[in-house]
Amino acid sequence: MTEESFDLVYFRGSKVEGKTIFGTDTYLMKCLSGTARVLIGTTEHVFSRGTNFMLADGVLFKFVEPSDDFVCRAFRFSNRFFNVIYPMLSGEVIEASAHTHPDLYDAEARMMLDLIFRQMQILYTKRNHPYRYKMAVNLIVNYMLVVYEQTYRHIKDSVPNYPNDRMTSILCQFYELCNTDALRHRNVEYYAARLHITSRYLFRICKENSGLTPKQAIDFVIVGKAKKLLLTTMLSFQQISNELCFPDQTAFAQYFKRNVGMTPTEFRARYR
């Protein structure tokens, strides 16, 4: 996807059972029919007709048991799309999106999310509309604000509840460790040791289930934190390198360019 595009995708029927999503894209999802048990992060939920949900980048999502008539429509936005959105929102709003789930939404919030989703659906068909991109950005911002209002009061009470499936449990624990330890520990061996498995096994289950290697998952967390600091704070590059535990500003700049394709200076100038 290009920076200013978004895709419409569908998840249908029992054939999506076991499908896992974890990466750099964000999804606005709506269940059109049927039901599905899904795993969001470390907890299980049920999607049924009318369910709205925003799947944030970097959150583990798995279709556990969809019915044959299950249909979920989703708009998929690239991480580059969100480089423009992040500066428009506070860090608390962005953080909340990674901890939300549809069970938190009350009836009024579901109506608001449904209205925004329908507006996005109409906008998707207007491919030549001169303000299509700007309107899409504003709709996502509105969606995230509704999600934040429903989610923020519950964040402190969220406790990991790892599933029984061993492979999924390991993945969830690995991603939890990445979020808490990636700044201080960037070698895959550390995480394999914490999980009491080999590095080779960790590589295999990550690649098979999410398409990312463990190293890519670690880098994804660090880069995500760097982007948010660059776009939502006035910290200098040296201060950001200190926050992210890099030895110096040069090391941070080299790491950022290697993973993002541009320097921190270029990134902040382009998207802020």
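Computed from a predicted structure; not experimentally measured.

Provide a residue-level description of the pattern of salt bridges, including the pertinent values.
Counted under the stated rule, the structure contains ten salt bridges. For the salt bridge of R76 with D7, the shortest nitrogen-to-oxygen distance reads 2.8 Å. Of this pair, R76 sits in strand β8 (residues 71–77) while D7 sits in strand β1 (residues 6–12), placing them 69 residues apart in sequence. Look at R76 and you get partly exposed, because its relative accessible area is 23%. Here the salt bridges do not stand alone but share partners, grouping K30, D114 and R118 into one network.

I'd like a description of the packing of helix α5 (residues 166–181) against helix α6 (residues 188–195), backed by residues and values.
Packed helix pairs are specified by the crossing angle of their axes together with the interaxial distance, meaning the distance between the axes. Two numbers describe how α5 lies on α6: the axes approach to 10 Å, and their chain directions differ by 130 degrees. The angle between α5 and α6 places the two elements in the oblique class. You can see that α5 and α6 cross each other, and the crossing is right-handed. Here I170, Q173, F174, L177, C178 and D181 of α5 lie close against α6, whose contacting residues are Y190, Y191, R194 and L195. Among the residues forming the contact of α5 with α6, the class breakdown is seven nonpolar, one polar and two charged.

Which residues make up the confidence of the model for the protein, and what are the values?
Put simply, the protein has an average pLDDT of 88, and 94% of its residues get 70 or more. The least confident element of the protein, judged by mean pLDDT, is helix α1 (residues 79–85) at 79; the most confident is strand β3 (residues 26–33) at 96.

So what's going on with the pairing of strand β4 (residues 35–40)? Which residues, and what values?
Bridging between β4 and strand β5 (residues 43–48) involves six bridges; their strand directions are antiparallel. Within β5, the residue paired with T35 across the bridge is S48. What sits between β4 and β5 in their antiparallel hairpin is a turn of two residues, with G41 showing a positive phi close to 65 degrees. Bridge count for β4 against strand β7 (residues 61–66) is five bridges, and the pairing is antiparallel. If you follow L39 over to β7, its bridge partner there is K62.

How would you sum up the sheet that holds β7? Please name residues and give values.
In spatial order, the strands read β2-β7-β4-β5; together these four strands make up an open sheet with antiparallel pairing. Strand pairing shows two members of the sheet lacking a second neighbour, β2 (20–21) and β5, which therefore form its edges.

Talk me through helix α11 (residues 264–271); I want residue IDs and the actual numbers.
Of all the positions in α11, only P264, F267, R268 and Y271 are classed as buried. Around the axis of α11, the buried residues are gathered within 95 degrees of arc, so they sit on the same side. Elements in contact with the buried residues of α11: α1, α8 (214–232), α9 (237–243) and α10 (249–260).

Give a detailed account of the nonpolar core, specifying residues and quantitative values.
Counting 92 residues, the largest nonpolar core has F11, M29, F61, F81, F174 and L202 as its most contacted members. Ranked by residues supplied to this core, first place goes to helix α4 (residues 132–151) with ten residues. Excluding residues that lie within four positions of it along the chain, F174 makes contacts with Y191, L195, L202, C206, P214, A217 and I218.

Quick rundown of the packing of aromatic side chains? Include the residues and the values.
Inspection of the entire model under this criterion finds 23 aromatic pairs. Taking the centre distance of 6.5 Å and the plane angle of 90 degrees together, the rings of F6 and F81 count as edge-to-face. Taken together, the positions of F6 in strand β1 and F81 in helix α1 put the pair 75 residues apart, joining distant regions of the chain. In terms of burial, F6 and F81 fall into one category: buried. A centroid spacing of 5.8 Å and a plane angle of 55 degrees characterise the contact between F47 and F61, whose relative ring orientation is tilted. In this pair, F47 is assigned in strand β5 and F61 in strand β7, connecting sequence segments 14 residues apart. Chaining the aromatic ring pairs together yields one cluster made of F6, F75, F77, F81, F117, Y124 and Y133. When the ring centre of Y10 is taken as origin, the NZ or CZ atom of R12, which lies over that ring, is 4.4 Å away.

Scoring rules and cut-offs
Residues numbered from 1 in each chain as written. Predicted model: local features only at pLDDT ≥ 70, side-chain atom pairs only at ≥ 80, totals over all residues. Heavy atoms only, no water. Salt bridge = Lys/Arg side-chain N within 4 Å of Asp/Glu carboxyl O. Helix = DSSP H or I, 4+ residues; strand = E, 2+ residues; numbered from the N terminus. Buried < 20%, exposed > 50% of the residue type's maximum accessible area, 1.4 Å probe, protein only. Axes fitted to C-alpha atoms, helices over the stretch in contact; angles between N-to-C directions. Parallel < 35°, antiparallel > 145°, perpendicular 65-115°, else oblique. Left-handed = near helix turned anticlockwise from the far one by under 90°. Contact = heavy atoms within 4.5 Å. Nonpolar A, V, L, I, M, F, W, Y, C, P; charged D, E, K, R; others polar. pLDDT = per-residue confidence, 0-100. Pairing = 2+ DSSP bridges. Arc of directions from axis to C-beta. Core = buried A, V, L, I, M, F, W, Y, C linked by side-chain atoms within 4.5 Å. Phe/Tyr/Trp six-rings, centres within 6.5 Å; stacked < 30°, edge-to-face > 60°. Lys NZ or Arg CZ within 6 Å of the ring centre and 35° of its normal.

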